[in-house]
Amino acid sequence: MGFNCGIVGLPNVGKSTLFNALTATAAAQAANFPFCTIEPNVGKVGVPDDRLDKIAQIVNPAKVVPTQLEFVDIAGLVKGASKGEGLGNQFLANIRETDAIIHVLRCFEDSDITHVDGSVDPVRDAETIETELMLADLESVSKQAESMAKKARGDKALAAQHDFALKVKAVLEEGKSARTIEPSGEEEEKWMHELHMLTAKPILYVCNVNEEDAASGNDLIKKVEEMAAAQGSGAVTICAAIEAEIAQFDTQEDKDEFLKDMGLEEPGLNKIIRAGYDLLGLQTYFTAGPKEVKAWTVRKNASAPEAAGVIHTDFQKGFIKAEVISFEDYIALGGEGPAKEAGKMRQEGKDYIVQDGDIILFRFNV
């Protein structure tokens, strides 16, 4: 299962610089003028996980394959985007395809970099984008509700779905996001998903600061953190310029030394991944063998067959059992053989809920 995040924000907040740094490519042009990003750029990166390295040290496989994280760099939105300003309709459609939104906010002053509103205020900027997303949602749900109303006569199930759409519409009309609605049960969750509301997507706010504030932070960050906490969203602080420099180093040793000089413990990518995983309720399990050691992403509370399906749908369809070793036991005992001898390999069936860090061998029949 992939993890797909759309990077959004006003023009000139550092979105494309961040994208380039995170994917260690120059795929997105970073320039000091609005709309330098016209088409969404997509970059996949391996998720750093030291557990993968520890497993590989024991197995010594031919290949080590991290799970992947996908970033979509979406062009700068502006006030009026919901009405098509700044090519807004096209970019709003790109956001609908993502699982979550990484909203980059400018939390630094720099007279050389223009701001579309003439001053730096990340909370105001966040509200500008959120308003545009809500207006786009309102237009979308209104059309969907109208279409449902014509088909719902005499159909109780569709009538109930229509009522839910009207409930979402009413919340948006109050100036609240679809995120504030808590679906009651699986059916309403399904309906919410089918509405494709932009403001139903989880948001991670990324505060982009200058180098001086990367380690210590600033007052603008505090305002964003307060806003995020009130919304139940996440917030992390990075310096896109520092991330861009880190991406240029060839060795991990050079990267670590640079981070130490900057007073930082880790790259911003790591913080974004952790916050993103938490935001989407994701976790990692591993498969380990002489050919490869591989990390896989699965949602928390996923069953063993669901986790098997991430590898291949045939694994899920023909699932027989899962042979599971916890990461801690695998490392402490020195691999699959010793763990099995110590009675630490468990035979789990279809009802088993996969735990973060599990090393799993699936048995299946097709």
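Parameters at a glance
- Residues numbered from 1 in each chain as written.
- Predicted model: local features only at pLDDT ≥ 70, side-chain atom pairs only at ≥ 80, totals over all residues.
- Heavy atoms only, no water.
- Helix = DSSP H or I, 4+ residues; strand = E, 2+ residues; numbered from the N terminus.
- Areas by Shrake-Rupley, 256 points an atom, 1.4 Å probe, with all protein chains shown as cover.
- Contact = heavy atoms within 4.5 Å.
- Core = buried A, V, L, I, M, F, W, Y, C linked by side-chain atoms within 4.5 Å.
- Buried < 20%, exposed > 50% of the residue type's maximum accessible area, 1.4 Å probe, protein only.
- Patch = residues over 30% accessible without salt bridge, like charges linked within 9 Å, V, L, I, M, F, W, Y side chains within 5 Å.
- Salt bridge = Lys/Arg side-chain N within 4 Å of Asp/Glu carboxyl O.
- Lys, Arg positive; Asp, Glu negative; His and termini not counted.
- Charge placed at Lys NZ, Arg CZ, Asp CG, Glu CD.
- Polar contact = N/O pair within 3.5 Å; in protein donor to acceptor, adjacent residues only side chain to side chain.
- Pairing = 2+ DSSP bridges.

*Asks:* Can you break down the overall build of the protein chain residue by residue, with the values?
*Replies:* Tallying secondary structure elements over the protein chain gives 14 helices and 12 strands in all. Counting only carbon and sulfur atoms, one obtains 48% of the accessible surface of the protein chain, whose full area is about 17,900 Å².

*Asks:* Let's hear about the environment of Met197: which residues, and what values?
*Replies:* Inspection of the secondary structure puts Met197 in the loop between helix H6 (186–195) and strand E6 (203–208). Along the chain, Met197 and Leu138 lie 59 residues apart, while their C-alpha atoms are 8.8 Å from each other. Apart from the residues lying within four places of it in its own chain, the contact partners of Met197 are Arg96, Asp137, Ser140, Val141, Gln144, Val168, Leu172, Ala178 and Met192.

*Asks:* Explain the nonpolar core to me, and be specific about the residues and the numbers.
*Replies:* The biggest cluster of nonpolar side chains holds 56 residues, and the ones touching the most others in it are Leu18, Phe71, Ile95, Ile102, Tyr205, Val206 and Ile272. Core analysis: the second largest hydrophobic core is formed by 17 residues, Ala145, Met148, Leu158 and Ile181 among them.

*Asks:* Account for a negative patch on the surface, naming residues and giving values.
*Replies:* A cluster of acidic residues, Asp250, Glu253, Asp254, Asp256, Glu257 and Asp261, forms a negative patch on the protein surface. For Asp250, the location among the structural elements is in the loop between helix H8 (240–246) and helix H9 (252–261).

*Asks:* Summarise the pattern of salt bridges; cite the residues concerned and give the values.
*Replies:* Applying the stated criterion to the full structure yields 15 salt bridges. A salt bridge links Asp49 to Arg51, with the nearest nitrogen and oxygen atoms 3.0 Å apart. On the basis of relative accessibility, which here comes to 16%, the residue Arg51 falls in the buried class. Between Lys222 and Asp219 there is a salt bridge, and its shortest N-O distance comes to 3.8 Å. Of this pair, Lys222 and Asp219 both sit in helix H7 (residues 219–231), 3 residues apart, roughly one helical turn.

*Asks:* Go over unusual backbone geometry, please, and point to the residues and values.
*Replies:* If a residue is not glycine, its phi is most likely negative; likewise, a peptide bond is most likely trans. Despite not being glycine, Asn60 shows a phi value in the positive range, around 55°. Classification of Asn60 by relative accessible area gives exposed; the value is 64%. We note that His196 has phi near 55°; this positive angle belongs to a residue other than glycine. For His196, a relative accessible area of 46% puts it in the partly exposed group.

*Asks:* Can you tell me about the side chain of Asp137, naming the residues and giving the values?
*Replies:* Of note, Asp137 is situated in helix H4 (residues 122–151). Among the polar contacts listed, one links the side chain of Asp137 to the side chain of Thr199, at a separation of 2.7 Å. Residues contacting Asp137, with those up to four places away along its chain left out, are Arg96, Leu172, His196, Met197, Leu198 and Thr199.

*Asks:* Quick rundown of the pairing of strand E4 (residues 68–73)? Include the residues and the values.
*Replies:* Most of E4 is tucked away: 5 of the 6 residues are buried. In the sheet, strand E1 (residues 4–8) pairs with E4 via 4 bridges, with the strands oriented parallel. Across the sheet, the residue bridging to Asn4 is Glu70, located in E4. Here strand E2 (residues 41–46) pairs with E4 via 6 bridges, running antiparallel. Paired with Gly46 across the two strands is Gln68, which belongs to E4.

*Asks:* Now, about the environment of Leu264: what can you tell me, with residues and values included?
*Replies:* Its place among the elements puts Leu264 in the loop between H9 and helix H10 (268–280). Sequence separation between Leu264 and Ala214 is 50 residues, and the spatial gap between their C-alpha atoms is 7.8 Å. In contact with Leu264, other than residues within four places in its own chain, are Ala214, Ala215, Ile242 and Leu259.

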